[in-house]
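What follows is each chain in one-letter form.
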Amino acid sequence: MTKKIIYENFTKEELIEEIYKVKCRLKYGLIWEDTKEDFVEEMRGKIALLSEDKDREINKKSNLTNILIEGDNIHALAALRYTHHKKIDVIYIDPPYNTGAEDWKYNNNYVNKEDTFRHSKWLSFMSHRLKISKDLLKDDGIMCVLIDHNELPRLWQLMDQIFEEKNYLGTVIIRNKPSGRGEGGKIAVQHEYALFFGKSDRAIISKFGKDIAEKSHNILEDEKGYYEPTNLRKTGADKEWKNKSGKIKPNYYPFYFDPKTNNLSATNTDLPETIYPINDRGEKCIWRKWKKEDMEQLIHDGEVWCEKQKGHYQIKYKFRTKTLAESPKSIWVNTKYSATEYGTKHLENILDKQGQFPYPKSPFAVMDCILAASDKKDAIVLDFFAGSGTTGEAVLRLNEKDNGNRQFILATNNENNIIDDATYPRLSALLKKTLKLNNFQEVECDKTNALLDKKTKTRESIGPFNGNLKYFKTTLLDGNISDKNKYDIAKKMTSLICLKENCFSEIITKKPYLIFSNADNTKKIIILYDEDYLNDVETLLPDDILHKIYVFSYNTDGSIESDSFNNKKIEVIPIPQPLFDDQNDVLRGIYET
């Protein structure tokens, strides 16, 4: 039960803050009692950093490094604000559903149905995280949020408010429990919802590949790819053979055909049959595309031909499609989305334990959500409600399937030892081991993401998957702006800087400076704590690759005094002031209305 607010006990400053909040409150839209959150308040006067746990690193010498962060997700997001501002392609999250069954905590207390502020607490909790994470998305990035009926109406309005209604991209109903879940005399629920919102109007939903056998049209394939035989005669409103001034359009002309030799031409008038673009109603139309003078080559290449249908000669052409793709539909019912078969049982199989984590998602449902949000094979995918790590597995599977280089960033706390018992063991097993699938029919998806016959296509094992894993923990440090504290913070920014630049290979770490490179050695970064060495380290850097030098500076404006680096691809970046600025922006963004 939330305590009654006694304004008589407020200080003048607290009353002014309350008045400000009331004045700034929305006059229309989703309005709730925005209660303060302990994890947010902890960040006041603090700096959120990441420290690496080297003991949990998985280094397979891969060019692809994935990230797992242990800690409260709002602290992780604050740190990622520095490393991944406008860098994330896809955010996929599966937050607490707020069922009232004490399935999540707010300010260290479980929230139940009797809590009259249950929805307000959930909205505060979600809005704080959505506001920060939106800034991490690229301008064409997309967020996908999974939810059930308990908070769907409020989540939708909250997303409208934060991402803007115009950037709503659709909702998918996913049948995740085919048997249904009974709720005491209510309709048995079989599904949940995936809401898709774009960062801006540049975001679009990607099309799904589709199996030829599932296409309702006559899709064929030749050496150039897929095509559909299509009548060259145009249909629709602009099919008329004359323009508004009565002039015959250039695409109205005859073809000539010899049925005995099967010869077709747009210019050889000696052939016996003449074929105009006239439809079944006797209306004169035009041909769909191409100029008359181009037709001879198209006919020669087999792109245009003649065939007889219902007693009439028809001109056909190969309608080319780059991929057999179509927009995702709003209802997904494939059995591969079942959380029971491909969530719970699958996770138990990987961990070789039962009951380690309740209600994990099917990795195939997550895979399709990611594919709907981005078709980029090098997408960066963030999940800050990582749970048992299903999103990590989904990314690994997608990369194996299409030789992609997607990277995942997962963040989760270790409540109930989930990261020790499920998340890390799962990712470790997938990256290190060949997993036998005992007593379980593993689904295999083909290149078009269609579900294959389990009886004939069952896989006896999966893994190990490609990729490294870096393990970080969140930490909050004193954020005062004294010179000594600034220097101490800068000395502890190494993990953040390496994560920001995706440079984890250590080259020099025991001198007045640190040097790291990326996996393919096309970029180097230097972390320097004394400006006096700035011009000295220039000699360590070859001219032919990109370099960044992070230099400690006491200046509050972050400026660096140094000579210019002539003829070199070098960028000089001050620390730690930009980190202070970013995290001040985080707090301001959370409390903006």
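Structure: see above.
Predicted model only: the values in this text are computed from it and were never measured.

Cut-off values and rules
- Residues numbered from 1 in each chain as written.
- Predicted model: local features only at pLDDT ≥ 70, side-chain atom pairs only at ≥ 80, totals over all residues.
- Heavy atoms only, no water.
- Pairing = 2+ DSSP bridges.
- Helix = DSSP H or I, 4+ residues; strand = E, 2+ residues; numbered from the N terminus.
- Contact = heavy atoms within 4.5 Å.
- Axes fitted to C-alpha atoms, helices over the stretch in contact; angles between N-to-C directions.
- Buried < 20%, exposed > 50% of the residue type's maximum accessible area, 1.4 Å probe, protein only.
- Polar contact = N/O pair within 3.5 Å; in protein donor to acceptor, adjacent residues only side chain to side chain.
- Expected span 1.5 Å × (residues − 1).
- Patch = residues over 30% accessible without salt bridge, like charges linked within 9 Å, V, L, I, M, F, W, Y side chains within 5 Å.
- Areas by Shrake-Rupley, 256 points an atom, 1.4 Å probe, with all protein chains shown as cover.
- Salt bridge = Lys/Arg side-chain N within 4 Å of Asp/Glu carboxyl O.
- Phe/Tyr/Trp six-rings, centres within 6.5 Å; stacked < 30°, edge-to-face > 60°.

Section: the sheet that holds strand β8 (residues 191–198)
- The strand order across the open sheet formed by 10 strands is β1-β23-β2-β20-β19-β3-β6-β8-β7-β18, and the pairing between neighbours is mixed. Edge positions in the open sheet fall to β1 (46–52) and β18 (331–332), since each of these has one partner strand only.
- Where strand β7 (residues 168–175) and β18 come together, 2 bridges link them in parallel fashion. Bridge pairing links Ile-174 to Trp-332 in β18.
- Sitting on the sheet, helix α5 (residues 152–163) is in contact with β6 (137–147), β7 and β8, with an inclination near 5° to β8.

So, the sheet that holds strand β12 (residues 255–258)
- Across the sheet, which stays open at both edges, the 3 strands sit in the order β13-β12-β14 with antiparallel pairing between neighbours. Looking at the sheet topology across the chains shown, the edges are occupied by β13 (263–265) and β14 (273–275). Shown here is a sheet whose adjacent strand axes are inclined to one another by a mean of 25°, direction ignored.
- Direction of pairing for β12 relative to β14: antiparallel, over a ladder of 3 bridges. Bridge assignment links Phe-257 to a residue of β14, and that residue is Glu-273.

Looking at the pairing of β8
- Of all 8 residues making up β8, 7 are buried, and the element is well covered by its neighbours.
- Bridging between β6 and β8 involves 6 bridges; their strand directions are antiparallel. Residue pairing for β8: Ile-147 is matched across the bridge by Tyr-193.

Here's the deal with the side chain of Asn-279
- Within the secondary structure, Asn-279 sits in the loop between β14 and α6 (295–300).
- A polar atom in the side chain of Asn-279 sits 3.0 Å from the backbone nitrogen of Arg-281.
- Excluding its chain neighbours within four sequence positions, the residues that come into contact with Asn-279 are Arg-233, Lys-239 and Cys-285.

Description of helix α7 (residues 340–351)
- In a regular helix each residue adds 1.5 Å, so 12 residues correspond to 16 Å; α7 covers 16 Å between its end C-alpha atoms and thus fits that length.
- If you check which residues of α7 are buried, you get Tyr-342, Gly-343, His-346, Leu-347, Asn-349, Ile-350 and Leu-351.
- Downstream of α7 by one or two residues, Asp-352 has phi in the positive range, about 55°.

Notes on a nonpolar patch on the surface
- On the surface, Ile-5, Tyr-7 and Leu-15 cluster together into a nonpolar patch covering about 260 Å² of accessible area.
- Tracing the backbone shows Tyr-7 in the segment before α1 (12–24).
- Taking the relative accessible area as the measure of exposure, Tyr-7 reaches 42% and is therefore partly exposed.

Topic: the packing of aromatic side chains
- In the structure shown here, the tally under the stated rule is 19 aromatic pairs.
- Ring geometry for Tyr-253 and Trp-287: centres 6.4 Å apart, planes at 55°, overall tilted. On the criterion of sequence distance, the pair formed by Tyr-253 in the loop between β11 (225–231) and β12 and Trp-287 in the loop between β14 and α6 is long-range, its members being 34 residues apart. By the burial criterion, Tyr-253 is buried, and Trp-287 matches it.
- Here Phe-384 and Phe-385 contribute two aromatic rings whose centre-to-centre distance is 5.3 Å and whose plane-to-plane angle is 40°, an arrangement assigned as tilted.

This is a description of form; function is not addressed.
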